[in-house]
Amino acid sequence: MPRIDPVEILSGLLILAVGAFFFFGAAEYPMGSMSRMGPGYVPRGLGAIGMGLGVIIATGAIRMHGRLPSVSWRSVATIAGAIAVFGVLLPRVGLVVATFAASAVSMLGNRDAGWRLVAVTSAIIALICWILFILLLGLSIPAFWTDI
Amino acid sequence: MDLWSNIAAGFQIAVSLENLAYCFLGVFLGTFFGALPGIGSLAAVTMLLPLTFYLDPTTALVMLAGVYYGAEYGGSTSSILLNLPGTPSNAVTCLDGYPMTQQGRSGVALFATTIASFWGGTFGIILLYTLAPVIAQWALAFGPAEYFAIMVFGLVAAATVTQDAPAKGMAMVVVGMMLGTIGADLTTGIARYDFGYFELHDGVSFIALAMGLFGVSEIILSISQNVDKPFIQAVTFRSMIPTRDEVRRSPMPMLRGAGIGAFFGALPGTGPSIATFIGYAIEKRLSRHPEQFGKGAIEGIMSPESANNAAVQAAFIPTMTLGIPGSATMAVMMGALLIHGIQPGPQLMTQNPEIFWGLAASFWIGNLLLLILNIPLIGVWVRLLQIPYGILYPAVICFICIGVYTVRSSPFDVGMVLFFGLLGYVLRLLRFELAPLLIGFILGPMVEENFKRAMLIYRGDFWAMLERPISGTLLVMTALLLLWSVWVMIRNRRERRAHAHDIGQADD
């Protein structure tokens, strides 16, 4: 079994998949001709180029040495969680609570931070965002649930 | 003379109290974010973009441009003091800047980069003044074939010139262009690839894409690497005074750096990073003491810093005159103009002269502010580097979320930033460069539009574009670039395999 660089093979397959998605997806739209291109023409061409590049990258992985980088699941989960919490809470309870919650969730990624540091930092960030974005810049975002 | 009256009119706009205040705010925040290791000018501009939505377009651009060149300025501070480049284009400054810190001479290095940056910026602005009106005049005669060819050349250059893996760079450009096709088709109005979401009919939110790819993925990466608390040396005024020998050795590298920077900055697709590397390499070759490089040679920071700032200013030339952003940060700038309903291009200088000339004047004022700001405030920036990242990143996450949400008051876009943040993280782990993706996303729809129009004019005959002098030359150059990058790929593969053989890792 020949050696394969896992990073490059995954990169190639990812690009191949995205290219294939756009290439076959373009079949839903009228193609037109070279002189009168329909909405499907350019995405189809791009999809074809993408698939070609994916194959080139993947073949470059063969007989090469490499190692997959480690994924920091804790960082990914806390940052993704923070953004999701913000998106869910903002339209329901307003900016101040949403920023407090998002900041608190994002800080769970930091093992060294105790709950007191998390609470104080998040409260200060919520306060800064409220003053900066709503009181000073006047963005039309609800500050509290009473404004919705 | 017309140029002088334009310059004077520009300064009149730039010195209005509001513009001055926002210029100051821009360079201040830019230096702040630039000095923080990890946050580049691209992330800084993207994160501060929402603050400018409610400003007048000229003021908004003045502030964002201030953030851009302020961040490039500030980035050298952490290169020199911590050996961590604040922005990718300051990486070269580490080579000789950090050894100077180790010798206890960080003050001299910080002072020298400030002077070199100011000179480089000034040179870039002079070039912008003289070249931009000429190119804009010339570009009025461009047809869709010329635009198509310039953009394709820019995209291929962005993907191949600075990358060690050209195929992956090209793949990022193509993925960006594919993301750019999402949304309603311009001629028929058919919604392409909307995944059933009506929010995607206007296309993918540019802000969500940029902030997710650069801001969010950057934070995930930074918090997963535990950085040790840095030791930082105090910088006093006294310590900034260079030796007489260093003063004598500085001007020529600074001049050469500015020329190199301005050239690469003005080309679409190549940007400050490559300019700094070339500036450094040339100084090392020309020096009578190349062995001093890497051990704290003043030439090794003068030339790249001057090149960096000249390139930053010159990058505005293709953006403002052709509507073609030369780098990912310029793509964000152009996105900002489009949000304000202004289409950059050759008409910009005739239709909105106040924006062009006001902005150009503000550049010089901003550079002057940076010069004044940086010498006395270096101590403050140095102390800033001691803010723990652990309390900074939650604030940045909140700013990103608020910024994305305000563009269209849409929780959907917050979901998009999450998606692109995760995508950016995966792509970084797979060693893809993200900047070409953003350039592809911005230029993709324009490439498609001009390609369609050109093919309509030439009745589907692709070769007709090769017969026109400008588009033909550019397309041939593009083909040569592609050939060259194939050669680079083959050579890299050989080297890597040879290396693997040496350490006994290759099979067979």
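Sequence order as written defines residue numbering, which begins from 1 separately in each chain. Whichever chain is written first becomes A and whichever ligand is written first becomes 1, with later ones labelled in order. With pLDDT at 70 or above as the cut-off, local features in this predicted model cover only qualifying residues; side-chain atom pairs require 80 or more to be listed or tallied, and sums for whole chains, interfaces and linings still use all residues. Side-chain measures here rest on the full set of heavy atoms in the structure, leaving out hydrogens and waters.

Digging into the overall build of chain A
Right, on to step 1. Under the scheme used here, helices are H or I runs from DSSP no shorter than 4 residues and strands are E runs no shorter than 2 residues, and both carry numbers assigned from the N terminus. A tally of helices and strands in chain A yields 5 helices and 0 strands.
Right, on to step 2. Mapped from its N terminus to its C terminus, chain A presents α and β elements in the order α-α-α-α-α.
Right, on to step 3. For chain A, the C-alpha atoms occupy an extent of roughly 55 × 50 × 20 Å along the three principal directions.
Right, on to step 4. Method for areas: the Shrake-Rupley scheme with a 1.4 Å probe, in which residue coverage is limited to the protein chains shown. For chain A, the exposed area adds up to about 7400 Å²; of that, 70% sits on carbon and sulfur atoms.

Thoughts on the overall build of chain B
Right, on to step 1. What chain B contains, in helices and strands, is 22 helices and 2 strands.
Right, on to step 2. Scaling as 2.2 N^0.38, a compact globule of 508 residues should have a C-alpha radius of gyration of about 23 Å, and chain B matches this with 23 Å.
Right, on to step 3. Taking the principal axes of the C-alpha coordinates as reference, chain B spans close to 70 × 70 × 50 Å.
Right, on to step 4. Accessible area is worked out with a 1.4 Å probe on protein chains only. A residue is then buried under 20% of its type maximum, exposed over 50%, and partly exposed in between. A buried classification covers 61% of the 508 residues belonging to chain B. For the radius of gyration, the atom set is restricted to C-alpha positions; the globular benchmark scales as 2.2 Å times the number of residues to the power 0.38.

What to know about the interface of chain B and chain A
Right, on to step 1. If you look at the interface, chain B gives 65 residues, while chain A gives 70 residues.
Right, on to step 2. Among the residues of chain B in contact with chain A, Met178, Tyr193 and Ile402 of chain B are the three that bury the most area, contributing 12% of the side total.
Right, on to step 3. In this structure, Asp5 of chain A engages Arg431 of chain B in a salt bridge whose closest nitrogen and oxygen atoms are separated by 3.6 Å.
Right, on to step 4. Identification of polar contacts relies on pairs of N or O atoms within 3.5 Å, with a donor-acceptor requirement for protein atoms, meaning one able to donate a hydrogen and the other able to accept it, and with residues adjacent in sequence counted only if both atoms are side-chain atoms. Counting the contacts that link chain B with chain A gives 12 residue pairs in polar contact (both at pLDDT 80 or more).
Right, on to step 5. Listing elements by their share of the side of chain B that touches chain A, those giving two or more residues are helix H8 (166-181), strand E2 (191-192), helix H9 (206-224), helix H18 (389-408), helix H19 (411-429), helix H20 (435-457) and helix H22 (469-502) of chain B.
Right, on to step 6. Looking at the side of chain B that touches chain A, the element that brings in the most residues is H18 of chain B, giving 12 residues.
Right, on to step 7. Gly falls in the polar group here, along with every residue not listed as nonpolar (Ala, Val, Leu, Ile, Met, Phe, Trp, Tyr, Cys, Pro) or charged (Asp, Glu, Lys, Arg). Class assignment for the residues of the side of chain B that touches chain A results in 46 nonpolar, 7 polar and 12 charged. The contact criterion used is simple: two residues touch if any of their non-hydrogen atoms lie within 4.5 Å. The term buried area means the drop in 1.4 Å probe accessible area that two parts suffer when joined, counted for both and summed. Take a side-chain nitrogen of Lys or Arg and a carboxyl oxygen of Asp or Glu: if they are within 4 Å of each other, that pair is a salt bridge.

Structural notes on the packing of aromatic side chains
We describe a pair of aromatic rings using the distance from one ring centre to the other and the angle between the two ring planes.
Right, on to step 1. Between the rings of Phe, Tyr and Trp (Trp by its six-membered ring), a pair exists once the centres lie within 6.5 Å; its type follows the angle of the planes, with under 30 degrees stacked, over 60 edge-to-face, and the other angles tilted. Summed over all chains, the structure comprises 26 aromatic pairs over all chains.
Right, on to step 2. For the ring pair Phe144 of chain A and Trp145 of chain A, a centre distance of 6.1 Å and an interplane angle of 90° mean the geometry is edge-to-face.
Right, on to step 3. Aromatic pair Phe24 of chain B and Phe28 of chain B: ring centres 6.0 Å apart, planes at 25°, arrangement stacked. Of this pair, Phe24 of chain B and Phe28 of chain B both sit in helix H2 (residues 17-35), 4 residues apart, which is roughly one turn of the helix.
Right, on to step 4. In this structure Phe24 of chain B comes out as partly exposed when scored by relative accessible area, which is 37%.
Right, on to step 5. Of the aromatic side chains, those joined through ring pairs into one cluster are Phe21, Phe22 and Tyr29 of chain A together with Tyr193 and Phe195 of chain B.
Right, on to step 6. Whether a charge sits over a ring comes down to the Lys NZ or Arg CZ being within 6 Å of the ring centre and within 35 degrees of the ring normal. Over the face of the ring belonging to Phe23 of chain A we find Arg44 of chain A, whose NZ or CZ atom lies 4.3 Å from the ring centre.

Focus: the pattern of salt bridges
Right, on to step 1. If you walk through the whole model with that rule in mind, you get 15 salt bridges over all chains.
Right, on to step 2. Ionic pairing is found between Arg105 of chain B and Glu246 of chain B, a salt bridge with its closest N-O pair at 2.8 Å. Of this pair, Arg105 of chain B sits in the loop between helix H5 (91-102) and helix H6 (106-139) while Glu246 of chain B sits in helix H10 (residues 244-249); the two residues are 141 residues apart in sequence, bridging distant segments of the chain.
Right, on to step 3. For Arg192 of chain B, the salt bridge is made with Glu448 of chain B, and the minimal N-O distance between the two is 3.0 Å. A residue pair is termed long-range when its members are at least 10 positions apart, and Arg192 of chain B in strand E2 and Glu448 of chain B in helix H20 qualify at 256 residues.
Right, on to step 4. A relative accessible area of 6% means that Glu448 of chain B is categorised as buried.
Right, on to step 5. Three or more residues are tied together by salt bridges with common partners; here these are Asp5 and Glu8 of chain A together with Lys168 and Arg431 of chain B.

Side note on the nonpolar core
Right, on to step 1. By nonpolar core we mean a set of buried residues, namely Ala, Val, Leu, Ile, Met, Phe, Trp, Tyr and Cys, connected to one another through side-chain atoms within 4.5 Å. One finds Ile79 and Phe86 of chain A together with Leu209, Phe316, Ile400, Leu438 and Met465 of chain B to be the most contacted residues of the largest nonpolar core, which totals 175 residues.
Right, on to step 2. The split of the chain into domains comes from an automatic or database domain assignment. Looking at which domains feed residues into this core, each of domain 1 (6-60) and domain 2 (73-147) of chain A supplies at least three.

Considering the layout of surface pockets
Empty space among the atoms becomes apparent when a probe as large as a water molecule is rolled across them.
Residue and element names in this part refer to chain B.
Right, on to step 1. One number sums up the size of the second largest pocket: a volume of about 1200 Å³.
Right, on to step 2. We place a 1 Å grid over just the protein atoms. Points where a 1.4 Å probe fits but has no way out form a cavity, open points with protein on both sides within 12 Å along at least 5 of 7 lines form a pocket, and any residue with an atom within 4 Å of a point lines it. What lines the second largest pocket is a set of 46 residues, and nearest its centre among them are Leu338, Gln343, Ile442, Pro445 and Met446.
Right, on to step 3. Breaking the lining of the second largest pocket down by element, the ones donating at least two residues are helix H7 (144-160), H8, strand E1 (183-184), H9, helix H15 (328-339), H18 and H20.
Right, on to step 4. With 9 residues, the single largest contributor to the lining of the second largest pocket is H20.
Right, on to step 5. Residue composition of the lining of the second largest pocket, by class: 25 nonpolar, 13 polar and 8 charged. Grid points are joined across faces, edges and corners, and a volume is the space filled by probe spheres set on the points.

Side note on H9 of chain B
Residues and elements named next belong to chain B.
Right, on to step 1. Expected helix span is taken as 1.5 Å per residue step, with the number of steps being one fewer than the number of residues. Compared with an ideal rise of 1.5 Å per residue, which puts 19 residues at 27 Å, H9 spans 27 Å between its outermost C-alpha atoms and is within 8% of the ideal.
Right, on to step 2. To obtain the bend at a residue, axes are fitted to the seven residues ending there and to the seven starting there, and the angle between these axes is taken. At Gly212, H9 shows its maximal bend, which comes to roughly 35°.
Right, on to step 3. Counting buried positions along H9 yields 18 of 19 residues, so the element is predominantly enclosed.
Right, on to step 4. Capping the start of H9, Ser205 holds a side-chain oxygen 3.2 Å from the backbone nitrogen of Ala208, two or three residues further along.

Comments concerning empty space enclosed by the protein
All names here are of chain B.
Right, on to step 1. One pass over the full model with this rule turns up 2 cavities of 30 Å³ or more.
Right, on to step 2. As a volume, the largest cavity reaches approximately 80 Å³.
Right, on to step 3. In terms of lining residues, the largest cavity is bounded by Tyr73, Ser76, Thr77, Leu110, Thr113, Thr114, Ser117, Asn374, Ile378 and Trp381.
Right, on to step 4. Secondary-structure elements contributing two or more residues to the lining of the largest cavity are helix H4 (57-82), H6 and helix H17 (353-384).

Details of the domain arrangement of chain A
Right, on to step 1. The domains assigned to chain A are domain 1 (6-60) and domain 2 (73-147).
Right, on to step 2. Computed from C-alpha atoms alone, the centre-to-centre distance between domain 1 of chain A and domain 2 of chain A is 39 Å.

Brief notes about a nonpolar patch on the surface
All names here are of chain B.
Right, on to step 1. Patch definition: residues above 30% relative accessible area lacking any salt bridge, with like charges linked at up to 9 Å and the nonpolar side chains Val, Leu, Ile, Met, Phe, Trp and Tyr linked at up to 5 Å. A cluster of nonpolar side chains, namely Trp463, Leu466, Val476, Leu480 and Leu483, defines an oily patch on the protein surface of about 520 Å² accessible area.
Right, on to step 2. Summarising the element assignment, Val476 is placed in helix H22.
Right, on to step 3. Given a relative accessible area of 46%, Val476 falls into the partly exposed group.

Points about the packing of H9 of chain B against H20 of chain B
Residue and element names in this part refer to chain B.
Right, on to step 1. Inter-axis angles, ranging from 0 to 180 degrees, are taken between N-to-C directions of lines fitted to C-alpha atoms, where helices are fitted over the stretch in contact. Direction vectors running N to C along H9 and H20 enclose 175°, while the axes themselves pass 11 Å from each other. Between H9 and H20, the angle is such that the two are roughly antiparallel. Contacts between H9 and H20 involve Phe206, Leu209, Ala210, Leu213 and Phe214 on the former and, on the latter, Ala435, Leu437, Leu438, Phe441 and Ile442. Throughout, the term roughly parallel applies to angles under 35 degrees, roughly antiparallel to angles over 145, roughly perpendicular to angles from 65 to 115, and oblique to all others.

Some details on the environment of Ala159 of chain B
Residues and elements named next belong to chain B.
Right, on to step 1. Its location among the elements puts Ala159 in helix H7.
Right, on to step 2. Overall, the relative accessible area of 0% leaves Ala159 in the buried class.
Right, on to step 3. Sequence separation between Ala159 and Ile378 is 219 residues, and the spatial gap between their C-alpha atoms is 36 Å.
Right, on to step 4. Apart from residues no more than four positions distant in its own chain, Ala159 is found in contact with Pro166, Gly169, Met170 and Val173.

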